[in-house]
Amino acid sequence: MNTEVNLRAADNIRILAMAMVEKSKSGHPGGAMGGADFIHILFSEFLNFDPKDPRWINRDRFFLDPGHMSPMLYSILTLTGHFTLEELKQFRQWGSPTPGHPELDVTRGVENTSGPLGQGHTMAVGAAIAERFLAARFGELFAHKIYTFISDGGVQEEISQGAGRLAGFLGLSNLIMFYDSNDIQLSTETKSVTIEDTAMKYTSWGWNVISIEGNNHLQIRAALKAAVAEKAKPTIIIGKTIMGKGLLDNDGKSFERKTSTHGMPVSEAGGSFEKSLANLGGNLAEPFTIFDDVKALYNKILIEKQNNAGEWKRKKSEWAANQPEADSKLHSYYSGIAPDIDYKAVQQKEGSATRAASAAMLGLFASKIGNMIVASADLANSDKTDGFLKNTHPFIKGDFTGAFLHAGVSELTMASVMNGMALHGGVIPACGTFFVFSDYMKPAVRLACLMSLPVKYIWTHDAFRVGEDGPTHQPVEQEAQLRLMEHLKNHHGENSMIVLRPADAVETTVAWKIAMENINTPTALILSRQNIKDLPSEKNDRYGDALQSEKGAYIVSDCNGKPDIILIASGSEVATLVEGAALLRKDNLKVRIVSAPSEGLFRNQTEEYRKYVIPEKVPVFGLTAGLSVTLQGLVGPAGFVWGMNSFGYSAPYKVLDEKFGFTAENVYNQAKAYLKK
């Protein structure tokens, strides 16, 4: 083995990372330079991938956690042929494929969007679960490794607690994590904020812990070999690295281990870009260069990677020839498309809570959709994800033949793990908790929206009708927050999320239909705790009526001619509108009732359809158990919304309905008062 060329390869990565930040006058060079040795050894000697087929299903995955270390990732991916030197020169510029923090692009070798610390390695946990799930169904031929890279910040973020606990509990021996422990963070040295024993912490969670000098190639190599051989535990390699390795100041003295190099160009941090470049063997005239011997090394490596992938594909072809049904199932799993379900044939119990209606659907999915994984944050019997669990069994260490994840009380971890499953591919992830605790999940939900991941969120106990549990458990502003994600477009121009709040059991069936058919973005189902009266059907075809939910909003009941008033709501409030409308009609008012489970889908419809459902110059009254602003965009500037504009109180939910005015009588009174104005 040529030690010299491996050292030069690491230095080449350091030069490119430093030069990218210097040219853009923005970025984080120090950590990238310290991690260069590990990333070179990993990609050149251990990570299995096909240079000609970046989406190869059995590739090892690499999840970067500290997105600010993107210069390191882009540099190694340039050596592997995924980026060009010209693209590195466009680091952090408009339209560049090298943004400041990496954004998901599997064709470029970028397996995850990263930036918010802690989430990248937690996604890796989800990918590791997905890998074990699929290997349990198709065999160890489909086994591969999940590698991830964390920093001091990733260890400090609270989500690491959930990720570490869960991976250790499940014994994810396919998960290998490098901890770039350089003792430096953005504002301080780590000793200013923590005295924890990280090795002991991960040992207590059941991890295999290996401590090394993080810039020593022999130790890196030995640690990775041991990690790959580990059969019972996830592995963390704690590498003590040197922040800004190779940097010099203007006097030619070492400028390593400086806090300033964490987040600014070397020249602005107080070091010398020119002297550091020369120290690392770079060319001042053109720092964006791949050394000839490094280029030759990687040309050879890429040929070996492609040959190894080709050998696996040969074995897979033999397997497929012998097991055509399994191969067909494998292809369907990776397509992301769920099998056909006869949703119309689903029989829902009359007057069910929508969480119970969801449980019925999940029970059906457990028997019909072989690659669906459902998780709950210690609430399976309350968010009714146990409808799925009753037809499968939970994951435990060494057994991934089931399809349910008990995530424990760790909503953010659970949501990020779901993202990792979706990123890995081959599975359909869904997770549940109380709607009010969606607050804990927002950072991961946002990344799912940004990455266009088709995760399904099951949020129950959708309003103040949680009752006696009181205001800490009663969502008010949460729906308005989630509805904003329907307004926010992703980079493909789509609504970044579909948010559905079904009005009765049958509408819940249709909501799940929409969710399962949406393979482009996340979908949220917001479900009731309490029973809800089924909505009327003027055509005696409730499923046919509810199917109109696919347009986001539709007419539940109507009048002859132009309505005097339109009543609009989502969720359980629609049934209250039905009762209120009956009182208004006794006053000879013409009333139209609209169910609007998804404002986002409704706004995607033609103007003609939108004006058909909610015509202009007709008074519109909205009822919502969330903030009034939740429906303001639908009722319009002249409309009126009766909503919740304060926190709830602890009392039985029927008492709260009376106190807060969510009754037929108050709908009548408020609508009449509004019409008088």
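Note that the coordinates shown come from a computational prediction; the quantities given were computed from them, not determined experimentally. Each residue is numbered by its place in its chain's sequence as written, counting from 1. With the structure being a predicted model, the display of local features is reserved for residues of pLDDT at least 70 and the display and counting of side-chain atom pairs for 80 or more, all residues being used for whole-chain, interface and lining totals. Note: side-chain values were computed over all heavy atoms of the structure, leaving out hydrogens and water.

**Examining the overall build of the chain**
Argument step 1. Counting its regular elements, the chain contains 27 helices and 16 strands.
Argument step 2. Relative to its length of 677 residues, the chain is compact, with a C-alpha radius of gyration of 28 Å against a globular reference of 26 Å.
Argument step 3. With respect to the three principal axes, the spread of C-alpha positions in the chain is 90 × 60 × 45 Å.
Argument step 4. Throughout, exposure labels follow a simple rule: accessible area from a 1.4 Å probe, protein chains only, divided by the maximum for the residue type, with under 20% read as buried, over 50% as exposed, and the rest as partly exposed. Expressed as a percentage of the 677 residues in the chain, the buried residues total 61%.
Argument step 5. Residue contacts are counted whenever heavy atoms from the two residues lie within 4.5 Å of one another. The long-range share in the chain, meaning contacts at least 24 apart out of those at least 6 apart in sequence, stands at 76%. Each helix corresponds to a stretch of at least 4 residues labelled H or I by DSSP, and each strand to a stretch of at least 2 residues labelled E; elements are numbered beginning at the N terminus. For the radius of gyration, the atoms used are the C-alpha atoms, and the globule rule reads 2.2 Å times the number of residues raised to 0.38.

**Focus: the pattern of salt bridges**
Side chains that differ in charge, positive against negative, can pair when their charged atoms come close.
Argument step 1. By definition, a salt bridge exists where a carboxyl oxygen of Asp or Glu is found within 4 Å of a side-chain nitrogen of Lys or Arg. In the structure shown here, the tally under the stated rule is 36 salt bridges.
Argument step 2. The partner of glutamate 111 in a salt bridge is arginine 59, with the nearest N and O atoms 2.7 Å apart. With glutamate 111 in the loop between α5 (85-89) and α6 (119-138) and arginine 59 in the loop between α3 (36-46) and β1 (61-64), this pair connects stretches of sequence that are 52 residues apart.
Argument step 3. One salt bridge connects aspartate 558 with arginine 592, and the closest N-O pair in it is separated by 2.9 Å.

**Quick look at the sheet that holds strand β14 (residues 591-595)**
Argument step 1. Two strands qualify as a pair provided DSSP detects at least 2 bridges between them. The 5 strands lie next to each other as β12-β14-β13-β15-β16, forming an open sheet whose pairing is mixed. Each edge of the sheet is formed by a strand with only one pairing partner; in this case those strands are β12 (554-557) and β16 (640-642). Averaged over all pairs of adjacent strands, the angle between their axes in this sheet comes to 30°, without regard to strand direction.
Argument step 2. Examined bridge by bridge, strand β13 (residues 565-569) and β14 share 5 bridges and lie parallel to one another. The partner of isoleucine 565 across the bridge, within β14, is valine 591.
Argument step 3. Helix axes use the C-alpha atoms of the stretch in contact, all axes being lines fitted to C-alpha atoms, and the angles between their N-to-C directions lie in the range 0 to 180 degrees. The sheet strands contacting helix α27 (residues 664-676) are β13, β15 (620-623) and β16, and the helix crosses β15 at an angle near 150°.

**Observations concerning the side chain of serine 528**
Argument step 1. Structurally, serine 528 is set in the loop between β11 (523-526) and α21 (542-546).
Argument step 2. Once residues within four sequence positions are removed from consideration, serine 528 is found in contact with Ala353, Thr354, Arg355, His461 and Asp462.

**Quick look at the side chain of arginine 221**
Argument step 1. Among the secondary structure elements, arginine 221 is positioned in helix α10 (residues 217-229).
Argument step 2. In protein, a polar contact means a hydrogen-donor-capable atom and an acceptor-capable atom, both N or O and within 3.5 Å, with residues adjacent in sequence counting only if both atoms are side-chain atoms; elsewhere, any N or O pair within 3.5 Å suffices. Reaching out from arginine 221, the side chain makes a polar contact with the side chain of glutamate 45 at a distance of 2.6 Å.

**Focus: the environment of arginine 603**
Argument step 1. Looking at the element boundaries, arginine 603 is found in helix α23 (residues 599-603).
Argument step 2. Ignoring any residue separated from it by four or fewer positions in sequence, one finds arginine 603 in contact with His487, Arg610, Gly633 and Leu634.

**Regarding the pairing of β15**
Argument step 1. Neither face of β15 is open: one carries Val620 and Gly622, the other Phe621 and Leu623, and all of them are buried.
Argument step 2. Where β13 meets β15, 4 bridges bridge the pair, whose relative direction is parallel. In the strand pairing of β15, isoleucine 566 is matched with valine 620.
Argument step 3. Where β15 lies against β16, 3 bridges are found, and the strand directions are parallel. The residue bridging leucine 623 from the neighbouring strand is tryptophan 642, located in β16.
Argument step 4. Handedness is read with the strands pointing away from the viewer; a crossover is right-handed when the path from the first strand over the helix to the second is clockwise. In this view, the connection linking β15 to its parallel neighbour β16 by way of helix α25 (residues 629-635) has right-handed handedness.

So, to be careful, I would describe these as geometric facts and stop short of saying anything about function.
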